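Report on the structure
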Amino acid sequence: MLPRVAIIFTGGTIASSLSEAFGGVVPSLDAEDILDAVPDIRSIAAIEAIEYGKFPGPHMTPERMFEVSQIAQRLLEREDIAGVVVTHGTDTLEETAFLLDCTVASSKPVVVVGAMRNSSEPDWDGPRNLRDGVAIAASPQFRDMGTLVAMAGAVNAASEVTKTDTEEVNTFRSLDFGPLGRVSNGKPVRYRAPVHRETFPTVRIPAFVPLVKCYAGMDGWIIRAALERGAEGLVIEAMGVGNVPPPVYYATLEAIERGIPVVLVSRCPVGRTEHIYAYEGAGKHLHEAGVIFADFLNGQKARIKLLCALGAGYSLAQIRASFEWLQ
């Protein structure tokens, strides 16, 4: 008996083709169109296809991501399902993958795949990535590892991977820690486990948790505007190891005084945040004031994690403990 793998199809480039009517590439393929392009996929696992939609990556929202999470959770609770694969647009793939990692509680693997080439191109990478994703989802090697991302033969943790190149097929990389494994000659091989993962009993997605990126000469108006609009939380991409311009520091203090969780990450693509500098606007004073440091997470991932923690009803102390697991 082959293991049974469910595939949730959400759209993206992997489901796209060149459309003369639209004058460009748009999601157009349904589940069977894509599966027919991978003729040996049913020799790996029995496939159960779920049509969620034909959304381009930028059309995915946290609410839709959470719906996909709930579908995946229900599927994984079935005894006959070995794992779940989600096809997705690459622009927001890491965010959906990380939300799944934060909200799906199962020892069975969830594997998110996409494509950087569309089906009208001769080097469409979708079929290989989908085949690899099914092989990983069906493999006992990848149990108890949370949500994974499978692209261009590499297997990465949803909590660690990011999109690094606008066009290359090997765009998804774990810059701090490297891949968890690879798919070699069609067979998944595991190297290591994720460095850290945590799931949340999330029941809702907060309406407004903005992500703000620091730049030279920045003032605090955008933070104050977010507070006036009713932000439930805030993520700041700081400079270096965790420092901001002085006006941003004082606006951040206003958020802290209101009891709003403020999470700080670095705008650098590699490395963790630290509270070591002590000048005006530096990390030491931010942390002492109550800003939460996000260790190795980038801005988009920290926002997803904060959404999930707030949606689980976590207190400020619980949110801090979740983000500052290395402290």
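Residues numbered from 1 in each chain as written. Predicted model: local features only at pLDDT ≥ 70, side-chain atom pairs only at ≥ 80, totals over all residues. Heavy atoms only, no water.

The sheet contact formed by strand 2 (residues 16-19) and strand 3 (residues 24-27) spans 4 bridges and is antiparallel. Bridged to serine 17 within strand 3 is valine 26. Where strand 2 hands over to strand 3, the hairpin turn is made up of 4 residues, of which glycine 23 adopts a positive phi near 75°. (Pairing = 2+ DSSP bridges. Helix = DSSP H or I, 4+ residues; strand = E, 2+ residues; numbered from the N terminus.)

What follows is about the sheet that holds strand 1 (residues 4-11). Judged by pairing direction, the sheet is mixed, and its 8 strands sit side by side in the order 4-1-5-6-7-8-11-12 without closing on themselves. For this open sheet the edge positions go to strand 4 (46-55) and strand 12 (187-190), each flanked by a neighbour on one side alone. Adjacent strand axes in the sheet meet at a mean angle of 25° when their direction is disregarded. Bridge count for strand 5 (residues 81-87) against strand 6 (residues 110-113) is 4 bridges, and the pairing is parallel. Bridge pairing links valine 86 to valine 112 in strand 6. (Axes fitted to C-alpha atoms, helices over the stretch in contact; angles between N-to-C directions.)

In this section: the layout of surface pockets. What the largest pocket holds in volume is close to 590 Å³. Taken together, 37 residues line the largest pocket, and the ones lying closest to its centre are Thr162, Phe296, Leu297, Asn298 and Lys301. Going through the elements one at a time, helix 3 (93-103), strand 9 (162-163) and helix 8 (299-311) are the ones with two or more residues in the lining of the largest pocket. Considered as a void within the structure, the second largest pocket measures approximately 240 Å³ in volume. Lining the second largest pocket are 18 residues, and of these Gly12, Thr13, Ser16, Val25 and Asp91 sit closest to its centre. Of the residues in the lining of the second largest pocket, the class split is 7 nonpolar, 8 polar and 3 charged. (1 Å grid on protein atoms, 1.4 Å probe; cavity = no way out; pocket = protein on both sides within 12 Å on 5 of 7 lines; lining within 4 Å. Points joined across faces, edges and corners; volume = space filled by probe spheres on them. Nonpolar A, V, L, I, M, F, W, Y, C, P; charged D, E, K, R; others polar.)

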